[in-house]
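Residue strings, one per chain:
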Amino acid sequence: MKILLTGKDGQVGFALNKKLASLGEVIATNRDMLDLSNPQAIRIFIDQTKPDIIINPAAYTKVDQAESEPELASQINSVAPQVLAEKASELHIPIIHFSTDYVFNGLKHEPYLETDKVNPQSVYGQTKWQGEEVVRNHKKHIILRTSWVFSSHGQNFLKTIVRLIQEKTSLNVVSDQIGTPTSSEALADVTYKIVETIFNDSNFKDFGTYHMTLDNETNWYRYACFITDEAKRLGLQTLMTSKDIKPISSDAYPALAKRPMNSRLDTTKIKKTFMLELPHWEAEVKRILKALIH
Ligand SMILES: NC(=O)c1ccc[n+]([C@@H]2O[C@H](COP(=O)([O-])OP(=O)(O)OC[C@H]3O[C@@H](n4cnc5c(N)ncnc54)[C@H](OP(=O)(O)O)[C@@H]3O)[C@@H](O)[C@H]2O)c1
């Protein structure tokens, strides 16, 4: 099997590149090999490589910067997925595309279902939603919406907290936004299972949109405290403890792009369809911290 993977140097792309290698040949691309802002380059690359499946974790992910670069964000998050999906249709191959909780406005009081109405509040969320819609035009699609991604590779909240507790003596962290941290490795494991299922079952019909996060929930403040306590337990020398972290409201931490207050995604559908058990986010955070600190 030939797998075309985008964004191989991103958090999720990096984990996918490692995990999918045992399924076949992974044509793992980064911006230098395949610039997703160039639709014609995407078409030529796919014509030349003739993949059996396209997996697209690449995205314009600078959420605040997107507010002042809407065209570029749209080019990567909406136009590129459209070209990838069109080529997938032409070749009759599946596409797996990654999306986000930012397609919702975050005002629901329960975890979001795949069928809930979207209402993105930022340029990033809007462009990711448009990307989903164009991918949905292709029958053989899987869209994986996830949230709060962390990994030992790349930039994320977990690594920022680990750095800050070594540099500062106190921190303010938002406590009124709830969601579920999700490891890039868990996303790669689930993607592996999906690819395997699609190719082993010639009658596979469960294409569509799925929510994929780890189990349970938290808020950014409690998440930061957990990281701090666990990092200290693992022997990291820090200038502060979790008692030096102060919970603040989103209003006290203004950002250019609006974040959803509720980022929780209901994962019942993906668990049932692919017979998955998803780890608790705390277990995955512990695992990644151990790898980072030891
Ligand atoms: N991170 C999160 O918390 C989060 C939450 C919910 C959903 N998601 C979604 O999950 C997916 C994976 O996110 P991630 O955390 O792995 O993101 P990431 O670490 O920011 O990686 C994104 C990758 O896309 C690449 N990319 C950007 N512009 C490109 C271009 N013009 N041509 C080719 N590649 C380009 C980036 O390359 P460069 O390094 O060269 O820029 C980077 O390697 C995305 O679809 C994202 O929207 C992420």
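Anything mentioned here points back to the structure above.
Residues numbered from 1 in each chain as written. Predicted model: local features only at pLDDT ≥ 70, side-chain atom pairs only at ≥ 80, totals over all residues.

Caption draft 1: Region of interest: the site of the ligand. By nearness alone, 26 residues border the ligand, and G7, G10, Q11, A58 and A59 come closest of all. Every element with two or more residues in the shell around the ligand is listed here: α1 (11-20) and β4 (95-100). At 3 residues, α1 tops the list of elements feeding residues into the shell around the ligand. (Near = placed C-beta within 6 Å. Helix = DSSP H or I, 4+ residues; strand = E, 2+ residues; numbered from the N terminus.)

Caption draft 2: Local environment of the nonpolar core. If you look at the biggest cluster of nonpolar residues, it comprises 75 residues, and the most contacted ones within it are I3, L5, I55, A224 and I227. The element contributing the most residues to this core is helix α7 (residues 220-233), with 8 residues. If we skip the residues at most four places from it in the chain, I3 touches L20, L23, G24, E25, V26, I27, P51, D52, I53 and I55. (Core = buried A, V, L, I, M, F, W, Y, C linked by C-beta atoms within 7 Å. Buried ≥ 20, exposed ≤ 12 C-beta atoms within 10 Å, placed from the backbone. Contact = placed C-beta atoms within 7 Å.)

Caption draft 3: The arrangement of the packing of helix α2 (residues 39-49) against helix α3 (residues 70-91) in detail. Axis separation between α2 and α3 bottoms out at 10 Å; the angle between their running directions is 30°. Taken as axis vectors, α2 and α3 run roughly parallel relative to one another. Relative to α3, α2 is oriented so that their crossing is right-handed. Within the contact between the two elements, α2 uses P39, I42, R43 and I46 and α3 uses V79, A80, V83, L84 and K87. (Axes fitted to C-alpha atoms, helices over the stretch in contact; angles between N-to-C directions. Parallel < 35°, antiparallel > 145°, perpendicular 65-115°, else oblique. Left-handed = near helix turned anticlockwise from the far one by under 90°.)

Caption draft 4: Region of interest: the sheet that holds β4. Across the sheet, which stays open at both edges, the 6 strands sit in the order β2-β1-β3-β4-β5-β10 with parallel pairing between neighbours. Every other strand in the sheet has two partners, leaving β2 (25-28) and β10 (208-211) as the edge strands with one partner each. Across the sheet, the mean angle separating the axes of adjacent strands is 20° when strand polarity is ignored. Examined bridge by bridge, strand β5 (residues 141-146) and β10 share 4 bridges and lie parallel to one another. Note on β10: the bridge partner recorded for L144 is Y210. Each of β4 and β5 touches helix α4 (residues 123-136); the most contacted strand, β4, lies at about 155° to it. (Pairing = 2+ DSSP bridges.)

Caption draft 5: Geometry of α7. The first and last C-alpha atoms of α7 sit 20 Å apart over 14 residues, in line with the 20 Å expected at 1.5 Å per residue. Counting buried positions along α7 yields 10 of 14 residues, so the element is predominantly enclosed. All of the buried residues in α7 are W220, Y221, Y223, A224, C225, F226, I227, T228, E230 and A231. Among the structural elements, α5 (157-167), β7 (171-174), β11 (218-219), β12 (245-248) and α9 (281-293) are those in contact with the buried residues of α7. (Expected span 1.5 Å × (residues − 1).)

Caption draft 6: Structural view of the environment of F104. Checked against the element boundaries, F104 lands in the loop between β4 and α4. Accessibility expressed as a C-beta count within 10 Å gives 24 for F104, which makes it buried. For the pair F104 and M261, spaced 157 residues apart in sequence, the C-alpha to C-alpha distance is 9.8 Å. Not counting chain neighbours up to four residues away, the residues in contact with F104 comprise Y112, D116, V118, N119 and P260.

Caption draft 7: Molecular detail of α9. Spanning 13 residues, α9 covers 18 Å between terminal C-alpha atoms, matching the ideal 18 Å at 1.5 Å per step. Listed as buried for α9 are W281, E284, V285, I288 and L289. An end-on view of α9 places all buried positions within 135° of arc, on one side of the element. Buried residues belonging to α9 abut β6 (149-150), α5, β9 (182-183), α6 (184-200), β11 and α7. (Arc of directions from axis to C-beta.)

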